[in-house]
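Structural features, examined
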Amino acid sequence: MNNGNGIEILKHFILDSCEVKVADVTPLAAEGAIEDALALLSGYRRDKALSYRYERGKMLSAGAGLLLDNMLQSRGLREREMRYVVGEHGKPAFEQHLELHFSLSHSGTVVACAIGDVPLGVDVQTIVTARDSLVNYTMDAAEKAKLYALTDTDSRNAYFTQLWTLKESYAKATGTGLTHDFPSLEITDGEVTALKPLTPPARFFTFALDNSRGAVAILE
């Protein structure tokens, strides 16, 4: 399903008061497509896309802006009319609509956007290799034990990627971003509940694509 602006919607679902869409930005690889996309977006989103050195980054950033615009239109708004303010750790918000929370993520050729009336975060990630450096950065002892108990490499990488998106979505929802102490976020990948109380508490949801994993955190 194409939204008419050069991205293909792959998933669309509602989680309580939160709406989530996931899209493929491959059509933006066509000649002139990125320029056409940027013309539809705000100066903030254009500058963000153009700050990327390589075309892939520009394509993903522009695609994220198009997806955000797509979701705002159902609310009678346009992304190009939005004025942005940025929090302490870089989390953006709409200056004239602070009641409307949103989160963006992209990886590979996929972008994700979540919008709702409570703080939330979305993360999508192409399945990555569970290298020791990443494992030590993101997981506590119990999570590492479960990871290394998986003898199949593909299962191990998928488990690690899903857990990483869960933690990243929570960090985005709280606005702490990469400053968060990720090993302290003990989250299972089964029932998706915190192993110890999170402050603030959150509800988690996961989604999967062929070669990607994603998660949404909604603060309670």
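This write-up is about the structure you can find in this document. On a predicted model such as this, the values are computed, not experimentally measured, just so you know. (Residues numbered from 1 in each chain as written. Predicted model: local features only at pLDDT ≥ 70, side-chain atom pairs only at ≥ 80, totals over all residues. Heavy atoms only, no water.)

1. Focus: the environment of G43
- Mapped onto the elements of the fold, G43 is located in helix α2 (residues 43-50).
- The partly exposed category is assigned to G43, whose relative accessible area is 31%.
- In this structure the C-alpha to C-alpha distance between G43 and Y84, which are 41 residues apart in sequence, comes to 10.0 Å. (Helix = DSSP H or I, 4+ residues; strand = E, 2+ residues; numbered from the N terminus. Buried < 20%, exposed > 50% of the residue type's maximum accessible area, 1.4 Å probe, protein only.)

2. Some words on the sheet that holds strand β8 (residues 202-209)
- If you walk across this open sheet you meet the 3 strands as β7-β9-β8, and the pairing is antiparallel. If you trace the sheet from one side to the other, it starts and ends with β7 (120-126) and β8, each paired once. The average angle at which neighbouring strand axes cross in this sheet is 15 degrees, direction not considered.
- Note that β8 and strand β9 (residues 212-219) share 8 bridges and pair antiparallel. Of the residues in β9, the one forming a bridge with L209 is S212. (Pairing = 2+ DSSP bridges. Axes fitted to C-alpha atoms, helices over the stretch in contact; angles between N-to-C directions.)

3. Regarding unusual backbone geometry
- In this structure, D16 takes a positive phi of about 55 degrees despite not being glycine.
- Locating D16 in the fold gives a position in the loop between β1 (8-15) and β2 (18-24).

4. Description of the sheet that holds strand β5 (residues 101-107)
- Ordered in space as β1-β2-β6-β5, the 4 strands form an open sheet in which the pairing is antiparallel. In this open sheet, the two edge strands, each paired with only one partner strand, are β1 and β5. With direction set aside, neighbouring strand axes in the sheet form an average angle of 15 degrees.
- Summarising the sheet, β2 and strand β6 (residues 110-116) pair through 6 bridges and their orientation is antiparallel. Bridge pairing in β6 links D24 to V110.
- Across the sheet, helix α3 (residues 55-73) lies against β1, β2, β5 and β6, angled at about 35 degrees from β6, the strand it touches most. (Contact = heavy atoms within 4.5 Å.)

5. A look at the layout of surface pockets
- Here the largest pocket defines a volume of roughly 610 Å³.
- In this structure, the largest pocket is lined by 27 residues; those nearest its centre are K48, P92, L104, S105 and K172.
- If you tally residues by element for the lining of the largest pocket, the top one is β5, at 6 residues.
- Broken down by class, the residue content of the lining of the largest pocket amounts to 10 nonpolar, 11 polar and 6 charged. (1 Å grid on protein atoms, 1.4 Å probe; cavity = no way out; pocket = protein on both sides within 12 Å on 5 of 7 lines; lining within 4 Å. Points joined across faces, edges and corners; volume = space filled by probe spheres on them. Nonpolar A, V, L, I, M, F, W, Y, C, P; charged D, E, K, R; others polar.)

6. Details of the pattern of salt bridges
- Considering all chains together, one arrives at 8 salt bridges under this definition.
- Between E95 and R83 there is a salt bridge; the shortest N-O distance is 2.9 Å. Pair noted here: E95 is in the loop between β4 (92-94) and β5 and R83 is in the loop between α3 and β3 (84-86), with a separation of 12 residues, a long-range link.
- A relative accessible area of 40% means that E95 is categorised as partly exposed. (Salt bridge = Lys/Arg side-chain N within 4 Å of Asp/Glu carboxyl O.)

7. Considering the packing of aromatic side chains
- Within this structure, the stated rule accounts for 7 aromatic pairs.
- Note on F13 and F207: the rings are 5.8 Å apart at their centroids and 55 degrees apart in plane angle, and the pair reads as tilted. One end of the pair, F13, is in strand β1; the other, F207, is in strand β8, with 194 residues separating them in the sequence.
- Taking relative accessible area as the criterion, F207 reaches 7% and is therefore assigned buried.
- A network of ring pairs unites the aromatic residues Y44, Y84, F94 and F102 as a single cluster. (Phe/Tyr/Trp six-rings, centres within 6.5 Å; stacked < 30°, edge-to-face > 60°.)

8. Let's talk about the packing of α2 against α3
- Axis separation between α2 and α3 bottoms out at 8 Å; the angle between their running directions is 160 degrees. By the criterion of interaxial angle, the relationship of α2 to α3 is roughly antiparallel. The chirality of how α2 crosses α3 is right-handed. Between α2, through R45, K48, A49 and L50, and α3, the contact on the second element is made entirely by K58, S61, A62, A64 and G65.
- Residues belonging to the contact of α2 with α3 are distributed by class as follows: 4 nonpolar, 2 polar and 3 charged. (Parallel < 35°, antiparallel > 145°, perpendicular 65-115°, else oblique. Left-handed = near helix turned anticlockwise from the far one by under 90°.)

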